[in-house]
Amino acid sequence: MLRTFTCIMCPQGCEITAEGANPPYSLTGNKCKKGAAYVEQELTAPMRNIATSILVDGGELPLASVRLSAPIPKDRIFDVMAEIRRIRRTAPVHEGDVVIPDVLGLGSDVIVTKTVERE
C-alpha cells in the first residue's frame, strides 16, 4: 500500500510517502524525525485535537471557546463533540477552567480558552 501525507509537525510541510501494509513502514520525503513519527502515528493510531465552543448563559458573549488538553483518538471525535454540546455554563467562565475533566475516560480535559464575563 502506498500513501502520501503532508506533515504538519513543522512549517516545512514535507510530502511524506509511506509504503507497506504493516509496520515497519518505508518512509520517504521526511526531512526530520518529527515527520516520520507523525506518519507512523497517522498509520497506526491517528490522534486529533478539538477546538470548539460551549454555551454561556448571562455572559457578555453567548459562547466561550474550549479546547482539549491532549489529543484523542480520531475515531472518538464525534463522541467527544456530543459530550461538549451538552455543556452549558453561567457567566463568568474563565480561561483555564476545566469544564469536562477526563472526557469519556480518554485522558484529555475540556478547557475554556476565552474568559466570558457577566453581561
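Conventions adopted
Residues numbered from 1 in each chain as written. Predicted model: local features only at pLDDT ≥ 70, side-chain atom pairs only at ≥ 80, totals over all residues. Heavy atoms only, no water. Core = buried A, V, L, I, M, F, W, Y, C linked by side-chain atoms within 4.5 Å. Buried < 20%, exposed > 50% of the residue type's maximum accessible area, 1.4 Å probe, protein only. Helix = DSSP H or I, 4+ residues; strand = E, 2+ residues; numbered from the N terminus. Contact = heavy atoms within 4.5 Å. Salt bridge = Lys/Arg side-chain N within 4 Å of Asp/Glu carboxyl O.

## Comments concerning the nonpolar core
Stage number 1. Core analysis: the biggest nonpolar cluster contains 19 residues, and I84, V99 and V110 have the highest contact counts within it.
Stage number 2. The set of elements that each furnish at least two residues to this core consists of strand 5 (51–57), strand 6 (63–68), helix 2 (77–85), strand 9 (98–100) and strand 10 (110–112).
Stage number 3. In contact with V110, not counting residues within four places along its chain, are V66, R67, L68, I84, D97, V98, V99, I100 and V103.
Stage number 4. Judged by nonpolar contacts, the second largest core, of 9 residues, contains F5, C14, A18 and Y38.

## Focus: the pattern of salt bridges
Stage number 1. Applying the stated criterion to the full structure yields 4 salt bridges.
Stage number 2. The partner of R88 in a salt bridge is D57, and the shortest N-O contact between them spans 2.8 Å. Taken together, the residues R88 in strand 8 (residues 88–90) and D57 in strand 5 connect sequence positions 31 residues apart.
Stage number 3. Residue class for D57 comes out partly exposed when judged on its relative accessible area of 29%.
Stage number 4. Between D79 and R76 there is a salt bridge whose closest N-O contact spans 2.8 Å.
Stage number 5. For D79, a relative accessible area of 36% corresponds to the partly exposed category.

## Let's talk about the environment of A18
Stage number 1. Tracing the backbone through its elements, the reader meets A18 in strand 2 (residues 15–19).
Stage number 2. Residue classification places A18 among the buried residues on the basis of a relative accessible area of 3%.
Stage number 3. Residues A18 and E83, spaced 65 residues apart in sequence, show a C-alpha to C-alpha distance of 35 Å.
Stage number 4. Residues in contact with A18, not counting those within four places in the same chain, are M1, L2, R3, F5, S26, L27, V39 and L43.

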